[in-house]
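# Architecture and fold: a report
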Amino acid sequence: MQGSTVNPNAPSINVADADAMAHGHGEHPDLRLFGFILFLISESMLFVGLFVAYGAFRVVSESWPPVGTPELERLLPGINTVILLSSSFVIHRADVAIKQGDLREARRWFIYTMLMGATFLAGQAYEYQHLEFGLTSHLFGSTFFILTGFHGLHVFVGLLMMGAVLWRSRRPGHYSAEQHFGIEATEIYWHFVDVIWIILFTLLYIL
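Note that residues are indexed from 1 along each chain, following the sequence as it is written. Reporting of local features is limited, given that this is a predicted model, to residues whose pLDDT is at least 70; pairs of side-chain atoms are given and counted only at 80 or more, and all residues count toward the totals for whole chains, interfaces and linings. Neither water nor hydrogens contribute to the side-chain values; these are computed over all heavy atoms in the structure.

## Topic: the overall build of the protein
Numbering of helices and strands runs from the N terminus; a helix is a DSSP stretch of H or I covering at least four residues, while a strand is a stretch of E covering at least two. Looking only at helices and strands, one finds 6 helices and 0 strands in the protein. Counted from the first residue to the last, the protein has its helices and strands arranged as α-α-α-α-α-α. Exposure is judged per residue with a 1.4 Å probe applied to protein chains only, and the accessible area is read against the type maximum: over 50% gives exposed, under 20% gives buried, and values in between give partly exposed. A burial count over the protein gives 35% of its 207 residues as buried. Should any heavy atoms of two residues lie within 4.5 Å, those residues are counted as being in contact. Considering only intrachain contacts with a sequence separation of at least 6, the fraction spanning at least 24 residues in the protein is 79%. Working definition of accessibility: Shrake-Rupley area with a 1.4 Å probe, residue cover restricted to the visible protein chains. Accessible surface, the protein: about 12,400 Å² in total, of which carbon and sulfur atoms supply 65%.

Okay, structure coming up:
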């Protein structure tokens, strides 16, 4: 074409460099994981505020829970705890699989984790239906439902994240041993959810 020239001294760009530039890694470091961790830190602060409020209410109350409040049943929440904590090991298998380049295996472990998370939420819903107090019964009831409900919301968000990862994994090459941010971030988020539940279970059902 007239008027177009090719500079023979121009630097060549290979396929790997072009792919790195397309993902934003050519000139700038990938800070997505760092930003995601900062997000989890901010979420932690929300839970810390709720934990502190719960502790303050417990300290200033004459009796906690209020006299006449049925003791919380521990068997179902204990089973739920085992399921949720076990799911952390399951989702870690997905991260290990994708870093080895096995996307099919990573999908399988994600599906198992989703089933375990859904089982946890179903157990929590069953517990809610059989409690002998409600959100507005007393201060203990309010804090119980707010703490466990807020955590349950985070579990649900985690399931949505896993569903999004599975949906995106349908695209060839979207996840690989080199490109797996979505899987890694979801695993970290799920571990965060599990740690929060350990604290909640200890505060509400054991202490």
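That shown, we press on.
## Quick look at the UniProt feature "transmembrane region" (unreviewed entry) in the protein
UniProt positions are given in the numbering used here, feature names are shortened, and annotations may be inferred rather than shown by experiment. Following the UniProt record, one finds the feature "transmembrane region" (unreviewed entry) at residues 33-57, 109-126, 138-167 and 188-206. A helix fraction of 100% and a strand fraction of 0% characterise residues 33-57, whose end C-alpha atoms lie 36 Å from each other. Secondary structure content for residues 109-126 is 100% helix and 0% strand, while the C-alpha to C-alpha distance between its ends is 26 Å.

## Regarding the side chain of serine 88
Within the secondary structure layout, serine 88 lies in helix 3 (residues 75-99). Judged by relative accessible area, which is 11%, serine 88 ranks as buried.

## A few points about the pattern of salt bridges
Opposite charge on two side chains lets them pair, provided their charged atoms get close. The salt bridge criterion pairs a side-chain nitrogen of Lys or Arg with a carboxyl oxygen of Asp or Glu, the two atoms within 4 Å. Under the defined criterion, the tally for this structure stands at 4 salt bridges. Of the charged contacts, one joins arginine 74 and glutamate 71 as a salt bridge, the two residues approaching to 3.9 Å between their closest N and O atoms. A relative accessible area of 44% means that arginine 74 is categorised as partly exposed. A salt bridge links glutamate 105 to arginine 108, with the shortest nitrogen-to-oxygen separation between them at 2.4 Å.

## Focus: the packing of aromatic side chains
Any Phe, Tyr or Trp ring, taking Trp's six-membered ring, that has another such ring centre within 6.5 Å forms a pair; planes under 30 degrees apart are called stacked, those over 60 apart edge-to-face, and the others tilted. Going through the model one piece at a time under the given rule, you end up with 19 aromatic pairs. Judged by centre distance (5.6 Å) and plane angle (80 degrees), the rings of tryptophan 109 and tyrosine 112 are edge-to-face. Of the two residues, tryptophan 109 and tyrosine 112 are both situated in helix 4 (residues 103-130); the distance of 3 residues between them amounts to about one turn of the helix. Both rings, one in phenylalanine 133 and one in phenylalanine 144, keep their centres 5.7 Å apart while their planes meet at 80 degrees; by these two values the pair is edge-to-face. Of this pair, phenylalanine 133 sits in the loop between helix 4 and helix 5 (139-168) while phenylalanine 144 is found in helix 5, placing the two residues 11 residues apart along the sequence. What makes phenylalanine 144 buried here is its relative accessible area of 0%. One aromatic cluster is present, built from ring pairs that chain together Tyr54, Trp64, Phe120, Tyr128, Phe133, Phe140, Phe144, Phe145, Trp197, Phe201 and Tyr205.

## Things to note about the packing of helix 4 against helix 5
Lines fitted to C-alpha atoms define the axes here, with helix axes fitted over just the stretch in contact, and angles between the N-to-C directions of these axes take values from 0 to 180 degrees. Their axes nearest at 10 Å, the elements helix 4 and helix 5 cross at an angle of 155 degrees. Put simply, helix 4 runs roughly antiparallel to helix 5. In this structure, the crossing between helix 4 and helix 5 has a hand that is left-handed. Looking at the contact of helix 4 with helix 5, its residues break down into 15 nonpolar, 8 polar and 2 charged. We call two directions roughly parallel when the angle between them is under 35 degrees, roughly antiparallel when it is over 145, roughly perpendicular when it lies between 65 and 115, and oblique otherwise. Helix crossings are classified by the rotation of the near helix relative to the far one: an anticlockwise turn of less than a right angle makes the crossing left-handed, while a clockwise turn makes it right-handed. Throughout this entry, Asp, Glu, Lys and Arg are counted as charged residues, while Ala, Val, Leu, Ile, Met, Phe, Trp, Tyr, Cys and Pro are counted as nonpolar. The remaining residues, Gly among them, count as polar.

## So, the side chain of aspartate 95
Tracing the sequence through the fold places aspartate 95 in helix 3. The contact partners of aspartate 95, leaving out residues within four places of it in the chain, are Ile183, Glu184 and Glu187.

## Observations regarding the packing of helix 2 (residues 32-60) against helix 5
Contact geometry for helix 2 and helix 5: axes closest at 9 Å, N-to-C directions at 165 degrees. Classed by the angle they form, the pair helix 2 and helix 5 counts as roughly antiparallel. Of the two possible hands of crossing, helix 2 and helix 5 adopt the one that is left-handed. Contacts between helix 2 and helix 5 involve Phe36, Glu43, Leu46, Phe47, Leu50, Phe51, Tyr54 and Phe57 from the first element and Leu139, Phe140, Thr143, Ile146, Leu147, Phe150, His151, His154 and Met161 from the second.

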